[in-house]
Amino acid sequence: MDYLDFIDAVQSLADGVLFGTTYALLGIGFTLIFGVMHKINLSYAAASIGAAYASLLVLAVMKAPPALVFLVAAAAGGVIGGVVYLIGFRFIPLANPLATLMSTVGLLLLIDEIIVHTTQGVPLNYPALFSDVIIRAGPFTLRGDLMFVFLIGCTCMAVLLTLLYRTRLGIATRAVSQQPTAAQLCGISVDNVNVLTFVITGVVGGIAGAMIGAAIGMLSPLLSLPLTVKGLVVTVIGGLGSIPGAIIAGLLVGGLENVFQFFRGVSERDLYIMLLLFVFLVFRPGGIFAAAPGRD
Amino acid sequence: MLKRIAVLAALGTVALAFSTPVSAQERTVKITGFGAKSGVVRIFGVNSEAALKAAAEVINSSGGVTLGDGSKAKFAIEFLDDRCNAEEGISVARRIASTDAFVAVGPTCSNVAESLFGVLQKKAGDASDTGLQFPIIADVAAKGGLAKISEWAFRNVPSEFDMYKSLFAWLKTQHPDLKTIYGGVEKDFAHSNATFGVMKAQAEANGLQVLGQGEWLLADTTFSTQVREMRRANADIVAISAHPFTTCGVLKEMERQGVRPKLLIGLTSSSSIETMQGCAKQAEGIIIPTSFAPVTPEATKAAENVAKHGGSADLHSAAAYEIMFILKDVIEKQKIMAKPDTVAADRVKMREGLAALKETMGLLGKVGRADREAIKPFLYVHAKGGSWVVLHKPAS
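From a predicted model like this one, the values you see are computed outputs, not experimental measurements.

Rules used in this analysis
- Residues numbered from 1 in each chain as written.
- Chains lettered and ligands numbered in written order.
- Predicted model: local features only at pLDDT ≥ 70, side-chain atom pairs only at ≥ 80, totals over all residues.
- Helix = DSSP H or I, 4+ residues; strand = E, 2+ residues; numbered from the N terminus.
- Buried ≥ 20, exposed ≤ 12 C-beta atoms within 10 Å, placed from the backbone.
- Contact = placed C-beta atoms within 7 Å.
- Rg over C-alpha atoms; globule rule 2.2 N^0.38 Å.
- Axes fitted to C-alpha atoms, helices over the stretch in contact; angles between N-to-C directions.
- Parallel < 35°, antiparallel > 145°, perpendicular 65-115°, else oblique.
- Left-handed = near helix turned anticlockwise from the far one by under 90°.
- Nonpolar A, V, L, I, M, F, W, Y, C, P; charged D, E, K, R; others polar.
- Pairing = 2+ DSSP bridges.
- Domains from an automatic or database assignment.
- Arc of directions from axis to C-beta.

J.: Before we go on, may I ask you to explain the overall build of chain B in this structure?
T.: When you go through chain B residue by residue, the secondary structure sums to 12 helices and 16 strands. For chain B, the spread of C-alpha atoms along the three principal axes comes to 100 × 55 × 40 Å. Out of the 396 residues belonging to chain B, those deemed buried represent 52%. Pairs at least 24 apart in sequence give 71% of the contacts found in chain B among residues at least 6 apart.

J.: What is the right way to look at the overall build of chain A in this model?
T.: Helix and strand content of chain A: 11 helices and four strands. Its C-alpha radius of gyration of 19 Å places chain A within 12% of the 19 Å reference for a compact globule of 296 residues. The principal-axis extent of the C-alpha atoms belonging to chain A is close to 65 × 60 × 35 Å. Evaluated residue by residue, chain A yields a buried proportion of 51% over its 296 residues. Counting only contacts in chain A whose residues sit at least 6 apart along the sequence, the fraction spanning at least 24 positions is 74%.

J.: Would you explain the packing of helix H1 (residues 3-37) of chain A against helix H8 (residues 190-216) of chain A in this entry?
T.: Residues and elements named next belong to chain A. For the pair H1 and H8, interaxial distance at closest approach is 9 Å and the crossing angle is 170°. Relative to H8, the element H1 lies roughly antiparallel. Where H1 crosses over H8, the handedness of that crossing is left-handed. Side by side, H1 and H8 meet where Phe19, Thr22, Leu25, Leu26, Ile28, Gly29, Leu32, Ile33, Val36 and Met37 of the first sit next to Val193, Asn194, Thr197, Phe198, Thr201, Val204, Gly205, Ile207, Ala208, Met211, Ile212 and Ala215 of the second. Of the residues contributing to the contact of H1 with H8, the split by class is 16 nonpolar, six polar and no charged.

J.: Can you help me understand the sheet that holds strand E4 (residues 104-105) of chain B in this one?
T.: As a general point, the strands of a sheet are linked pairwise by backbone hydrogen bonds and lie either parallel or antiparallel. Residue and element names in this part refer to chain B. Taken in spatial order, the six strands make up an open sheet running E2-E3-E1-E4-E5-E6, and their pairing is mixed. Single-partner strands in this sheet number two, and they are strand E2 (65-66) and strand E6 (153-155). Across two bridges, the pairing between E4 and strand E5 (residues 136-138) is parallel. In the strand pairing of E5, Val105 is matched with Ile137. Against the sheet, helix H2 (residues 42-61) contacts strand E1 (27-35), E2, strand E3 (72-81) and E4, and its axis sits at roughly 175° relative to E3.

J.: Can you walk me through the interface of chain A and chain B in this structure?
T.: Accessible area lost upon the coming together of the parts is a frequently used measure of interface size. At the junction of the two partners, chain A supplies 31 residues and chain B supplies 28 residues. Of all the elements in the fold, those that place two or more residues in the side of chain A that touches chain B are H1, helix H4 (97-119), strand E1 (124-125), H8, helix H10 (243-264) and helix H11 (266-283) of chain A. Its residues assigned to classes, the side of chain A that touches chain B comprises 16 nonpolar, 11 polar and four charged.

J.: Sorry if this is basic, but what is going on with the domain arrangement of chain B here?
T.: Along its sequence, chain B is carved into domain 1 (26-158 + 295-375) and domain 2 (160-290). In this structure, domain 1 of chain B and domain 2 of chain B have C-alpha centres spaced 31 Å apart.

J.: Is there a simple way to explain helix H9 (residues 273-283) of chain B in this structure?
T.: All names here are of chain B. Residues Glu274, Thr275, Gly278, Cys279, Gln282 and Ala283 constitute the buried set of H9. Viewed along the axis of H9, the buried residues span an arc of 105°, placing them on a single side of the element. After H9 finishes, the residue Gly285 shows a positive phi value of roughly 95°.

J.: Sorry if this is basic, but what is going on with the pairing of strand E15 (residues 379-384) of chain B here?
T.: Each regular strand shows side chains that alternate between the opposite faces of the sheet. All names here are of chain B. Counting buried positions along E15 gives five out of six residues, so the element sits mostly inside the fold. Where strand E11 (residues 287-290) lies against E15, four bridges are found, and the strand directions are antiparallel. Each bridged residue has a counterpart across the sheet, and for Thr290 the counterpart in E15 is Leu379. One ladder, built from five bridges, connects E15 with strand E16 (residues 387-392); its direction is antiparallel. Residue pairing across strands places Ala383 opposite Trp388, the latter belonging to E16.

J.: What is the right way to read the environment of Phe168 of chain B from this model?
T.: All names here are of chain B. Within the secondary structure, Phe168 is located in helix H5 (residues 160-174). Among the residues examined, Phe168 registers 24 C-beta atoms within 10 Å and is labelled buried. Note: C-alpha distance between Phe168 and Met199 (31 residues apart in sequence) is 8.2 Å. Each residue touching Phe168, except ones within four places of it in the same chain, is listed here: Gln202, Ala203 and Asn206.

J.: Could you clarify how one ought to interpret the sheet that holds strand E12 (residues 359-362) of chain B in this entry?
T.: Residue and element names in this part refer to chain B. Spatially, the three strands line up as an open sheet ordered E12-E13-E14, and their pairing is antiparallel. The sheet is open, and its two edges are formed by E12 and strand E14 (373-375), each paired on a single side. Strand after strand, the sheet turns through a mean of 35° between neighbouring axes, direction not considered. Where E12 meets strand E13 (residues 365-370), four bridges bridge the pair, whose relative direction is antiparallel. Residue pairing across strands places Gly362 opposite Gly365, the latter belonging to E13.

J.: What is the right way to look at the environment of His309 of chain B in this model?
T.: All names here are of chain B. Summarising the element assignment, His309 is placed in the loop between helix H10 (297-308) and helix H11 (315-333). Note on His309: 19 C-beta atoms within 10 Å, which makes it partly exposed. Considering only alpha carbons, one finds His309 and Val46, 263 residues apart in sequence, at a separation of 9.4 Å. Among residues more than four places away in sequence, those in contact with His309 are Ala50, Lys53 and Ala54.

J.: Would you mind going over the packing of helix H2 (residues 44-61) of chain A against helix H9 (residues 224-238) of chain A with me for this structure?
T.: The relative placement of two packed helices is expressed as an angle between their axes plus a distance between the axes. All names here are of chain A. At a minimum axis distance of 8 Å, the contact between H2 and H9 shows a crossing angle of 130°. The angle between H2 and H9 falls in the class oblique. Relative to H9, H2 is oriented so that their crossing is right-handed. Of H9, the residues touching H2 (which contributes Tyr44, Ala45, Ala46 and Ile49) are Ser224, Leu227, Thr228 and Gly231. Considered class by class, the residues forming the contact of H2 with H9 number five nonpolar, three polar and no charged.

As structure tokens, this is what we get:
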């Protein structure tokens, strides 16, 4: 490896870590829903992309600044999150783990097809902030728009952690997550907490969708499935239900993806990410921050 | 009594006035198209359907098609969705073949065509081959050489080999100063991957030194690593064999990293409105060979007609448009009856008629035919000011 290779490898890692913020946001959504309901919502990434698409409606009616588009994406994400809960969870027997899993698979495909039928599958431009800003540090460059995505992602995570650990809603959410029956006996409405969890994770998803659109500069229905897989990988590596784990895992997967791309090429890149997933499943099934498994 | 007779007479007159003689009843020939109408390639199916309907409307308004018994018929178009999935494509084609249809138009995706043509009878008339005996003419599936798979398979798609061969030869004469080329390819898409092989071979054949290639997947979201390699190669030409979503992603990343090759070459499928919608600014100057542009009165009219039916005319949908006129000619020449009891015979006649074609009339001029494939005229377009502008017509 010569000097230029080294520079490129570090640059790839940095770009990947910055983009990994979006994976972290998706991972948080997956993990939060799992934490509260012990269910996997497979439609989460598709709903996030759907929210980003919905935000483009603002541009259709007015010349809106990108910040407003992002806010609309967050709001649309919240609405879609609520709808996903109503369709995919509210009336489905929660005791049957397969039922909700399949209902969210159905929702994933449904949201995807709605996007495809609305846009004919044509990629659409998505606004970005600071896309023309390049920060140079010696031989390295950092994209302004990715830095912005990173900052927004970090802010979201901070707000979410504050919400969970510093508010009554957060206490209720954690109570339902840990002891739903006891929480109900204490007067907490499990249904309300569940729907609020979906709305909040939907808002985070909407922001993730908008940030993904801003980072790529475009939206395409092609994004839903790969992002679903990435979100799940991040959730497992981070540890199901662990928000700090999802954050670190998102950045890790984003960075490693680019590093594997650099060293091994596109045909092997995803192979190594999946191998990493299996390594975690075997040696650290509880995720990054889980206690080391003891002997049975 | 008189009153009753008068009423009966009046009723009889009304009945006669509204009845139509059987002989004058209008016949309908249903042509079924199929392709991707869901999923990310839905736009191809939407455009093909619009083109088939637009062409059918033109034919119908000028009297329709003359059948083997001398009667006139109007075309009716039906379009089925195969989701760009090989299994569904085969299932859809079998469903069409189980009806009175004597030909089908499609599919969109090369992977579907490859599998589907494989279930057709390989050699027509071979009694030992129980493959499906049903003529299919493809409008979009562009991977080279697919019609070779079966004698029941036909295509009206341009030859990308010929297009890029001509383009690189032309570039050699126009830009003799350009010596090196770097490629970019969407590795997991049959069409992009196959066409990149053609581009690379033609570049080398014309004396260009290939400095390397960047690879990505159809749904990739970041291209920084690949573009950095591209920047290091510092080639005179960058050739991108990818569909609009990743083509735009790569072009935007090239702009961010300041990669400015002297010449950009793109994939045929990217000479579409999608690229202009996605990254007109970054695509400025990219040269793409295409078999369709609204440069003749027929092509301009066709583009308008397709737009009226909710589609967009491009090199793929224009092929579907032309196919309707090819089918009309073959039906008339082969005296196809289009009746339920002549289905098997009509299919054979259609196959033989299509196989016998040596030349058809396309929207850009005469289209030669050999080995059930089209030899279409083409031109080079380049992105200029947010639209596709004709750069050069090799035939002229």
